Structures are given as C-alpha cells and as structure tokens.
Amino acid sequence: TTAVDLAPAVPTVFRADFLEHPIEDAQDGTESEKPEPESPEERKLRLVQGSFDAAVCSFVFTYIPSSAMRLELCRRVHSLLKPNGLFVIVTPDAK
C-alpha cells in the first residue's frame, strides 16, 4: 500500500503533491532487492507507470480548483494503473 497526502497525519503516509510528483517510466522503474528502510524519512516515494492495482482519491476532487487539474489527476492515476486497474473516486454529496 502506498498512501500519499499533502499534509499526512501519520508518518507512514508520504508527503507529496500528486500533481507535481514525478512518475517514472515502467522501463526505468525496476524494483531493486533492497530491504525496506527502517525510518519513514529514509523511504522515497516511487510512482511507476503501470505498477498499481488500484487507486483511491478520497475527498480530493473537492479541493482541486479547476476541471483541467482534475482531468490531469485522472490521467496521472490512469498511467499508474495496471491493465484493468481500479480507480475509485470518493466525493461528498453534491447538489
């Protein structure tokens, strides 16, 4: 599980701006056999194309100011998903 937030409340969640964070090409993103770092500060967020089974955006779209930015977020998520990957968008009730 990889959790990302602009202002995480716990150290197990990566602090990052998803719209700004680099996405690696699948060819360049081969996983090494290194052990997991012991502290959260040593971990590096790696977003590799086609490497996620699912993505969830919970109450994110409400805070993105423009439709162009929301579309870009969807495109970025789509690039990270494996074939037939699942993208779940959770929003508050809209009227």
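Residues numbered from 1 in each chain as written. Predicted model: local features only at pLDDT ≥ 70, side-chain atom pairs only at ≥ 80, totals over all residues. Heavy atoms only, no water.

### Let's talk about the overall build of the protein
So the rule is basically this: Strands are runs of DSSP state E lasting at least 2 residues, helices are runs of H or I lasting at least 4, and numbering of each runs from the N terminus. Note that accessible areas follow from Shrake-Rupley with a 1.4 Å probe, and for residues the cover is restricted to the protein chains shown.
When helices and strands are counted, the protein shows one helix and four strands. Counted from the first residue to the last, the protein has its helices and strands arranged as β-β-β-α-β. Working note: accessible area of the protein is about 7,400 Å², and carbon and sulfur atoms make up 53% of it.

### Quick notes on the packing of aromatic side chains
Two measures describe an aromatic ring pair: the distance that separates the ring centres and the angle between the ring planes. For clarity, the threshold we go by: Each Phe, Tyr or Trp ring, with Trp reduced to its six-membered ring, pairs with another whose centre is within 6.5 Å; inter-plane angles below 30 degrees give stacked pairs, above 60 give edge-to-face pairs, and intermediate values give tilted ones. To sit over a ring, a charge needs its Lys NZ or Arg CZ within 6 Å of the ring centre and within 35 degrees of the ring normal.
Taken as a whole and judged by the stated rule, the model has zero aromatic pairs. Just above the ring of Phe 18 sits the side chain of Arg 76; from NZ or CZ to the centre is 5.3 Å.

### What to know about the pattern of salt bridges
To be explicit about the condition: For this analysis, a salt bridge means a side-chain nitrogen from Lys or Arg found within 4 Å of a carboxyl oxygen belonging to Asp or Glu. Whether a residue is buried, partly exposed or exposed follows from its accessible area with a 1.4 Å probe, protein chains only, as a fraction of its type maximum: under 20%, in between, or over 50%, in that order.
Following the criterion strictly, the structure yields two salt bridges and no others. Put simply, Glu 24 and Arg 46 hold a salt bridge, and the shortest N to O gap is 2.8 Å. Separated by 22 residues along the polypeptide, Glu 24 in the loop between strand E2 (14-15) and strand E3 (52-58) and Arg 46 in the loop between E2 and E3 bring together distant segments of the chain. Accessibility expressed as a relative area gives 25% for Arg 46, which makes it partly exposed.

### Things to note about unusual backbone geometry
Of note in this structure, Phe 59 is not a glycine but carries a positive phi near 60°. Secondary-structure assignment places Phe 59 in the loop between E3 and helix H1 (67-80). Residues other than glycine seldom take positive phi values, yet Asn 84 does so here, at roughly 65°. By the element assignment, Asn 84 lies in strand E4 (residues 81-90). Asn 84 sits in the exposed class, given a relative accessible area of 83%.

### Details of a nonpolar patch on the surface
To be explicit about the condition: Distance thresholds for patches are 9 Å for like charges and 5 Å for nonpolar side chains (Val, Leu, Ile, Met, Phe, Trp, Tyr), applied to residues having over 30% relative accessible area and no salt bridge.
A grouping of Val 56, Leu 86 and Val 88 is seen on the molecular surface, where their side chains present a nonpolar patch of about 260 Å² in accessible area. Structurally, Leu 86 is set in strand E4.

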